[in-house]
Amino acid sequence: MMRKLSILTISLLGLASFIQAAPIPRDIDLPLPLDEWTLKFLLVILFLAHIFFINLMLGGAVLSVIFEMVGRKFPHYDALGKKISETVTVNKSIAVVLGVGPLLCINLAYTTHFYSANALTGLAWISVIPLVIIAFLLAYLHKYTWDKWTGEKKPTHILVGLSAALIFLFVPLIFLANINLMLFPADWQGVRGFFSSLRVGNVFPRYFHFLTASLAVTSLILAWWYGRKKYPVEKFLPGFTHEGLRRLFYRLTFYATAAQLVFGPLLLFTLPYEGITTWLLIIVGLVIILAIGILHLLRREIKVPNEKIGRMFIPVLLTLTLVVLLMGTARHLYREACLVEHTRLIADRSQSFQANVIGTQMRLAAGLDAGAAVGGGPTGEKLFINCAACHALNKVLAAPSLVEVYSLYKDNPEGIVTWAKNPGKKRPEFAPMPSFAHLGDEKLRLVADYILEMVSGSGVSILE
Amino acid sequence: MFFIDFFGNRLLIAVIGSIHVFINHPLAVGAYPLVTLMEWWGYRTKNPDWDNLAHRITFFLFVVTTSVGALTGVGIWFSTALIAPFGIGSLLRVFFWAWFTEWIVFVSEVLLIMAYYLLWKKWGAGIHKKLHIGLGAVLSIFSWFTMVIIVAVLGFMMGSGTWPQDQSFLSAVFNPLYLPQLAFRTTYALITAGLCAWFLIFFFTKKGTEIRQKAVRFVARWILAWFVPFALASLWYWQRIPEDMKANLNVGLLTQRFMQWHETLAVLMLFALGAIIIVALIGAIRPRMIPGLVLIIPFALGLWLLGHFERVREFIRKPYVIADYMYSNGVKVSDLPVYQRDGILAHAAFVENRQITSENMLAAGRDVFLVTCSRCHTTAGLNSVRTKFATMYGNEPWDKNALLAFLATMHTSRTFMPPFPGNDKEAEALTTYLKNLQFDHEFIIDAQADWKISSPATGIAPR
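Residues numbered from 1 in each chain as written. Chains lettered and ligands numbered in written order. Predicted model: local features only at pLDDT ≥ 70, side-chain atom pairs only at ≥ 80, totals over all residues. Heavy atoms only, no water.

### Here's the deal with the overall build of chain B
- Secondary structure assignment for chain B yields 17 helices and two strands.
- Put simply, chain B has 463 residues, and 58% of those count as buried.
- In the structure as shown, chain B presents an accessible area of about 19,100 Å², 68% of it carried by carbon and sulfur atoms. (Helix = DSSP H or I, 4+ residues; strand = E, 2+ residues; numbered from the N terminus. Buried < 20%, exposed > 50% of the residue type's maximum accessible area, 1.4 Å probe, protein only. Areas by Shrake-Rupley, 256 points an atom, 1.4 Å probe, with all protein chains shown as cover.)

Shown next, in the form of structure tokens:
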């Protein structure tokens, strides 16, 4: 809805005014610690490594619960679910630590955009931490109670695994909302927290694309893992064979990849057009061709007799790796194209602010700035502002009134100076006074004299 | 601008950071050397009880560090990005390579933790056992190494050394507070690891068994042994803390009417350390005398002290987030004159009111509050401005001129506060907002869901 509205606005007012509606934060005034392109290259590569293990964690968590449920009817599936749940806790640890690297890179490479998106979805963003902690602890519970919670306790055990899987399914949506929101500064104004941010751009097509990808990647890796001759299937997974497991997971890979032929184009057609470039379309076209190739290879793998199964694994894996690299590149190109104009505005604004700062400092140093220059030396009257937050002439603010001070120190201005340098706490009704030793004796004396003169000149009656 | 009222932004970082430290120090940096030592001792004395105990403790460490520990570490990135984006963004630009290296060490550490725990039974005998003990040693070094790197950043926030002049990476890393703080944290982590292990021993061993007494004595000696270097490190650290920061501590606590509390606290801290030493002595000489669950007390005391060290460290670096470079509200020291002349709203990104008129006084004051005060203060919850001013001025309507005078001089009378980064009109608007806040108990529930923006007035020519 919002997006349609803003597209309408563009066509009426032109792109320039569209971008003008965006808030323009200032960038941080320190140089990048490494070359911008190296940084962005690192970001893309490290992100893909992170997302690979996220795929395995998410796909594993979902499959393990599904097989556990299937296992209630076909018991040998229960052992398969258990074995997969053991991989989840390992993959999740790797996924989290590998996430920190790309997080550092995106913080650096897209500082203002990323931080703005974080702040706009703040509560959801920070809730990622407790949510993932809970999911991790549930995943451990699921793994370590598998053989203990049987019989009557089995439904509870399934519920534990299911809860972990559901949290794992939800958290990527928060990440995607941020990664998506940072691309469309012109829409930031309309965002009122996480849920409204889901209306910006095309979060949901991206989300489903990601979920299916997780399933495809996990299934392919599992096809290899349990299909290896070295894997003791008879011992750990009685009721299965190497070839049967391979076929099972190849099928899952096939269906998930086939579903991408729906979700992929859906993602592309719902992509806001700002960032769509010819290169992006070329890459996406290439990816579609490769995906069809993968489907073809998988079909052959599933159909060949037992002794030949597994020969196509390496070609499939390599093609899939290529697809992932291309998608990572496409994603980066789209981001760059979306942000190019806004990034330029940020740079302009940051530069002109810096010029302003330096100019102001120079004028200050030369004593040219009328507002900041102090005419003449310090006087008691000017210095009294240090006291005025708490002391007033004939009124109790946060401390005794000046009239009271006068009655104590009428002929003893040095007494005020001594007290102000090292005040004690005398009265229970007030907070103790902070020390003003940093002003120095000379200035304190000016203030003390001013106070005494002001009170005596004010005509307020002094109670002795 | 992200802001959580009542609970407070400051507390969010504090809670996540503290949980992380409570896990990292006693359960990772300090614990892996201790567990490896236990495993080695069991191997040398050919006593499988030691091995079992070490294995069980490691299971606990493994689960907690790879979930709560790792996630709260990431949580520090998330929360600081929300609350102090300018601070963390600047630190990242200075320390990127340090953090990047730490990240690689961190990845290795997690892989090693998993290998160490998951291979325990598989590598159970012969040459494999030796390898496994070696793995524990390497893990201990890696997990200490993450501390080695991160403390450089923490030290930098307190004392930036010569960095503001030369902006070089090396002078930022080897800031004056780095090495003493590292020594302090390392030794204290080793002590708290002992306290935690003590506590766990009672969960993982049976009453009256030989291994329980042996283990209690073993850990007691471990704690006592680390107390000497810890005392030396504390002294070193204390000497390196700049004088004005120490003054800050006193002034800060004094103005908040905590003077007596402060003294009691110092006594309590000494008492806690003393109690730990006494329990350790008894444990070393007569392990039988230590009753089981009582050992939660030294562990709790140890964590309480650790929490307090962090609190004090965070407090005394004020008013800066990066010493002498950036104030805790994200305002750079060098930008202050511009804000004080033009006003900070004119240069802010996410605000509605940029020029102050008699009509928008209140709304603009709220903007000023969010931009300049809300990093540390809430309206009505923890560390709220309402309570602060009520303590000073009581319940009578607050005096406008007194508030203005306070804003103008708060950084001199309260040296932990930054100077007000706005112009006179903004000070007036903020005063209006504060005076209104005294009686209208407005509560900024969800700042990120309730904001408006006008296009920035300065800096860019219209296109």
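### Looking at the packing of helix α8 (residues 178–204) of chain B against helix α12 (residues 296–316) of chain B
Residues and elements named next belong to chain B.
- Axis separation between α8 and α12 bottoms out at 8 Å; the angle between their running directions is 155 degrees. Classified by the angle between their axes, α8 and α12 sit roughly antiparallel to one another. Along this stretch, α8 crosses α12, giving a crossing that reads as left-handed. Along the contact surface, α8 presents Gln181, Phe184, Arg185, Tyr188, Thr192, Leu195, Cys196, Trp198 and Phe199, while α12 presents Ile296, Pro298, Phe299, Gly302, Leu305, Leu306, Phe309, Glu310 and Arg313.
- Partitioned by chemical class, the residues of the contact of α8 with α12 number twelve nonpolar, three polar and three charged. (Axes fitted to C-alpha atoms, helices over the stretch in contact; angles between N-to-C directions. Parallel < 35°, antiparallel > 145°, perpendicular 65-115°, else oblique. Left-handed = near helix turned anticlockwise from the far one by under 90°. Contact = heavy atoms within 4.5 Å. Nonpolar A, V, L, I, M, F, W, Y, C, P; charged D, E, K, R; others polar.)

### Notes on the pattern of salt bridges
All names here are of chain A.
- Per the counting criterion, the structure on display carries 19 salt bridges over all chains.
- Two residues, aspartate 78 and lysine 154, come together in a salt bridge whose shortest N-O distance is 2.9 Å. Here aspartate 78, found in helix α4 (residues 76–109), pairs with lysine 154, found in helix α7 (residues 154–181); they are 76 residues apart in sequence, far enough to count as distant. For the residue pair aspartate 78 and lysine 154, the accessibility class agrees, reading buried in each case.
- A salt bridge links aspartate 449 to arginine 445; the shortest N-O distance between them is 3.1 Å. Taken together, the residues aspartate 449 and arginine 445, both in helix α18 (residues 441–458) and four residues apart, mark about one turn of the helix.
- By relative accessible area, aspartate 449 is classed as partly exposed at 26%.
- Under the relative-accessibility criterion, arginine 445 is labelled partly exposed at 31%.
- Each member of the salt-bridge network shares a partner with another, and the members are Glu36, Lys40 and Glu336. (Salt bridge = Lys/Arg side-chain N within 4 Å of Asp/Glu carboxyl O.)

### Here's the deal with a nonpolar patch on the surface
Residue and element names in this part refer to chain A.
- On the surface, a cluster of nonpolar side chains totalling about 360 Å² of accessible area is made up of Met69, Leu159, Leu162 and Leu166.
- Ranked by the residues each element gives to the nonpolar patch, the list is headed by α7, at three residues.
- With respect to the helices and strands, leucine 166 occurs in helix α7. (Patch = residues over 30% accessible without salt bridge, like charges linked within 9 Å, V, L, I, M, F, W, Y side chains within 5 Å.)

### Overview of the side chain of B:Ser67
- Within the secondary structure, B:Ser67 is located in helix α3 (residues 48–83).
- On the accessibility criterion, B:Ser67 (0% relative accessible area) is buried.
- The contacts of B:Ser67, once residues within four sequence positions are left out, are A:Ile133, A:Phe136, A:Leu137 and A:Tyr140.

### Let's talk about the side chain of A:Thr218
Residues and elements named next belong to chain A.
- Mapped onto the elements, threonine 218 comes out in helix α9 (residues 203–227).
- Assessed through its relative accessible area of 2%, threonine 218 is described here as buried.
- If we ignore the near neighbours within four places in the chain, the residues touching threonine 218 are Asn55, Leu56, Gly59, Gly60 and Leu63.

### What about the nonpolar core?
- In this structure, A:Leu80, A:Phe249, B:Phe95, B:Trp198 and B:Ile223 are the most contacted members of the largest nonpolar core, which totals 224 residues.
- Here this core gets 19 residues from one element, more than from any other, and that element is helix α4 (residues 85–118) of chain B.
- The next biggest cluster of nonpolar side chains, apart from the first, holds 66 residues, and it includes A:Ala399, A:Leu452, B:Tyr339 and B:Ala364. (Core = buried A, V, L, I, M, F, W, Y, C linked by side-chain atoms within 4.5 Å.)

### Section: the interface of chain A and chain B
- Of the residues lining the interface, 87 residues belong to chain A; the matching set on chain B comes to 83 residues.
- Of the roughly 7,300 Å² buried at the junction of chain A and chain B (both faces included), carbon and sulfur atoms supply 71%.
- Joining chain A to chain B, the criterion identifies two salt bridges.
- Residue A:Asp27 pairs with B:Arg93 through a salt bridge whose shortest N-O separation is 3.4 Å.
- At the junction of chain A with chain B, the criterion picks out 16 residue pairs in polar contact (both at pLDDT 80 or more).
- Only α2 (15–20), α3 (36–70), α4, α5 (111–120), α6 (122–144), α13 (313–365) and α15 (385–388) of chain A provide two or more residues apiece to the side of chain A that touches chain B.
- Per element, the largest residue contribution to the side of chain A that touches chain B is 15 residues, and it comes from α4(A). (Buried area = accessible area lost by both parts, 1.4 Å probe. Polar contact = N/O pair within 3.5 Å; in protein donor to acceptor, adjacent residues only side chain to side chain.)

### Notes on the confidence of the model for chain A
Residues and elements named next belong to chain A.
- When the pLDDT values of chain A are averaged, the result is 86; 92% of them are 70 or greater.
- Throughout residues 1–19 the model reports pLDDT below 50, and contacts reaching past four residues in sequence, or to other chains, amount to 20 contacts.
- The low-confidence segment residues 370–374, where pLDDT is below 50, has three contacts with residues more than four positions distant or belonging to other chains. (pLDDT = per-residue confidence, 0-100.)

### Some thoughts on the state of the cysteines
Residue and element names in this part refer to chain B.
- Summed over the entire model, instances satisfying the criterion amount to zero disulfides over all chains.
- Considering cysteine sulfurs only, cysteine 376 is the nearest to cysteine 373, which forms no disulfide, with 9.1 Å between them.
- Judged by its relative accessible area of 16%, cysteine 373 falls in the buried class. (Disulfide = S-S within 2.5 Å.)

### Considerations on the confidence of the model for chain B
Residue and element names in this part refer to chain B.
- On average, residues of chain B carry a pLDDT of 79, and 86% of them reach 70 or more.
- Predicted confidence in chain B is weakest over helix α10 (residues 243–255), with a mean pLDDT of 55, and strongest over helix α2 (residues 31–44), with 90.
- Low confidence marks residues 251–260, where pLDDT is under 50. Its contacts with residues over four positions away, or in another chain, come to 23 contacts.
- For the stretch residues 454–463, pLDDT sits under 50, and the model shows 23 contacts to residues farther than four places along the chain or on other chains.
- Interface predicted TM-score (ipTM) for the complex: 0.85; the corresponding pTM is 0.86.

### So, the environment of B:Thr431
All names here are of chain B.
- Here threonine 431 is to be found in helix α17 (residues 424–439).
- In sequence terms threonine 431 and alanine 125 are 306 residues apart; their C-alpha atoms lie 73 Å from each other.
- Excluding anything up to four places from it in sequence, threonine 431 contacts Lys400, Leu403, Leu404 and Leu407.

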